[in-house]
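Residue-level structure breakdown
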Amino acid sequence: MSSAVPLTVGITRSADAGGSRAGGAKRVLLAEPRGYCAGVDRAVETVEKALEKHGAPIYVRKEIVHNRHVVETLSDRGVVFVDETDEVPEGALLVFSAHGVSPMVHESAAQRQLRTIDATCPLVTKVHQEAKRFARDDYDILLIGHEGHEEVEGTAGEAPDHVQLVDGPDSVDAVEVRDESKVIWLSQTTLSVDETMQTVSRLRERFPALQDPPSDDICYATQNRQVAVKAMAPECDLVIVVGSRNSSNSVRLVEVALGAGARASHLVDYAREVDPAWLEGVQTVGITSGASVPEILVTGVIDLLAEHGFHDVQPVTTANETLVFALPRELRAARTS
């Protein structure tokens, strides 16, 4: 089943000046799709089901997903977030986050006799498998991503002797490979599509035989959210992106909005972070949210804007997401005969 069915974008133009952003009634353009992707939904539900089955405390390495509200809510329910496995009591239950971990982390958990549940997004796991496959074939793997991001660390850890990180187009000149005929690029799943392809273009100028990954590494949800923002941004005086600052895909949405024509764009975790000064002289506000953001946070921003006269809410739909991932096998309900 396809994860994204393209739909017609419908933006009702302002009655004035053929759709100019100046003048007219205040309105909100609401991007669809937005918010939780299938991988995030699976990861959060994994922790919730683990709590139900095993009780608190449940340990999670790093943040289960990059969202303040989700992490704080789960902490209140007895989830303990740790940076490394050596912070977890021996024999305890540890959940690996949606961003994935390296084989060394799995080994460390086994040495401490930890019970583990892997909530890694299946799309991230796919990139891990690609890294292992091309390392076995002795390729130089150029991993496009942001230094220090958990997903990048996990993917690179699958084949550290073969992977080089390429953190944007400006990093291309420093890349060195052993054999220019055996080079392939992979990418962090949550990057901007445009920025990634700029980096690929620069890499291909240096290495004409550079191979593409066997399938698109940029997450379908990341692409869909960026497409929806691009569709509405030209109409927007302001785009508010709901998401946390450590969420790569949320930060990218701000950049995409500005690049696509929005006059201003800001990232907020909560409605209370919206500065009323941002709304001065504004007629059209676009709203979207990153792939790790629960819808209740978007609703809060919509309610706040209504208090400032933005009562007309129009959806801007560019895709219909249908993808669902099964829970880790340890948490699946037993089949009845």
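Whatever comes next refers back to the structure up there.
This report concerns the structure included in the present document.

The rules behind each value
- Residues numbered from 1 in each chain as written.
- Predicted model: local features only at pLDDT ≥ 70, side-chain atom pairs only at ≥ 80, totals over all residues.
- Heavy atoms only, no water.
- Helix = DSSP H or I, 4+ residues; strand = E, 2+ residues; numbered from the N terminus.
- Expected span 1.5 Å × (residues − 1).
- Buried < 20%, exposed > 50% of the residue type's maximum accessible area, 1.4 Å probe, protein only.
- Pairing = 2+ DSSP bridges.
- Right-handed = clockwise from strand over helix to strand, strands pointing away.
- Axes fitted to C-alpha atoms, helices over the stretch in contact; angles between N-to-C directions.
- Contact = heavy atoms within 4.5 Å.
- Phe/Tyr/Trp six-rings, centres within 6.5 Å; stacked < 30°, edge-to-face > 60°.
- Core = buried A, V, L, I, M, F, W, Y, C linked by side-chain atoms within 4.5 Å.
- Salt bridge = Lys/Arg side-chain N within 4 Å of Asp/Glu carboxyl O.

Note on helix geometry: an α-helix contains 3.6 residues per turn, so any two residues three or four positions apart are oriented the same way. Between the first and last C-alpha of helix 1 (residues 38-54) there are 24 Å, a value that for 17 residues agrees with the 24 Å anticipated at 1.5 Å per step. Restricting attention to buried positions, one finds in helix 1 the residues Ala38, Gly39, Val40, Arg42, Ala43, Val44, Thr46, Val47, Ala50 and Leu51. After helix 1 finishes, the residue Gly55 shows a positive phi value of roughly 80°.

Successive side chains on a regular strand alternate, one facing one side of the sheet and the next facing the other. Most of strand 10 (residues 238-242) sits inside the fold, with 5 of its 5 residues counted as buried. Side chains Leu238, Ile240 and Val242 project from strand 10 onto one buried face, and the interleaved Val239 and Val241 project onto a second face that is buried too. Here strand 10 pairs with strand 12 (residues 284-289) via 5 bridges, running parallel. If you follow Val241 over to strand 12, its bridge partner there is Thr288. Sheet topology note: the strand 10/strand 11 (residues 265-268) ladder contains 4 bridges and is parallel. Counted as the bridge partner of Val239 is Ser265 from strand 11. At this point the chain moves from strand 10, through helix 8 (residues 248-259), to the parallel strand 11, and the crossover so formed is right-handed.

To summarise the sheet geometry, strands pair through backbone hydrogen bonds and adopt either a parallel or an antiparallel arrangement. In spatial order, the strands read 8-7-9; together these 3 strands make up an open sheet with parallel pairing. Where the open sheet ends on each side, the last strands, each with one partner, are strand 8 (163-166) and strand 9 (183-187). Across the sheet, the mean angle separating the axes of adjacent strands is 30° when strand polarity is ignored. When strand 7 (residues 140-144) meets strand 8, the two strands line up parallel, connected through 4 bridges. Paired with Ile144 across the two strands is Val166, which belongs to strand 8. This element, helix 4 (residues 122-136), spans strand 7 and strand 9 of the sheet and lies at about 165° to strand 9.

With that settled, the discussion passes to the packing of aromatic side chains. Across all of its chains, the model carries 1 aromatic pair by this definition. Ring geometry for Phe134 versus Tyr139: centroids 5.3 Å apart, planes at 85°, classification edge-to-face.

A sheet is described by the order of its strands in space; here 5 strands give the open sequence 11-10-12-2-13, paired in parallel fashion. Edge positions in the open sheet fall to strand 11 and strand 13 (312-317), since each of these has one partner strand only. Going across the sheet, the axis of each strand differs from the next one's by a mean of 25°, ignoring polarity. Where helix 9 (residues 295-307) meets the sheet, its contacts fall on strand 2 (27-32), strand 10, strand 12 and strand 13, and the angle it forms with strand 12 comes to roughly 165°.

Mapped onto the fold, Leu238 is located in strand 10. Judged by relative accessible area, Leu238 falls into the buried class, the value being 1%. Sequence separation between Leu238 and Trp278 is 40 residues, and the spatial gap between their C-alpha atoms is 7.7 Å. With near-sequence residues (within four places) excluded, Leu238 lies in contact with Ala264, Ser265, His266, Trp278, Leu279, Val282, Thr284, Val285 and Gly286.

Judged by nonpolar contacts, the single largest core of 29 residues is most densely connected at Val47, Ile64, Val65, Val95 and Tyr220. Looking at this core, the elements that each hand over two or more residues are helix 1, strand 3 (58-61), helix 2 (68-76), strand 5 (93-96), helix 4 and helix 7 (220-232). At 7 residues, helix 1 tops the list of elements feeding residues into this core. If we ignore the near neighbours within four places in the chain, the residues touching Ile64 are Ala43, Val47, Val70, Leu74, Phe81, Val95, Phe96, Ser97, Ala98, His99 and Ala119.

This next bit is on the pattern of salt bridges. All chains considered together, the criterion is met by 19 salt bridges. Across the salt bridge formed by Glu273 and Arg68, the nearest N and O atoms sit 3.3 Å from each other. With Glu273 in the loop between strand 11 and strand 12 and Arg68 in helix 2, the pair connects residues that are 205 residues apart, well separated along the chain. Residue Arg204 is joined to Asp212 by a salt bridge in which the shortest nitrogen-to-oxygen separation is 2.8 Å. Judged by its relative accessible area of 45%, Asp212 falls in the partly exposed class.

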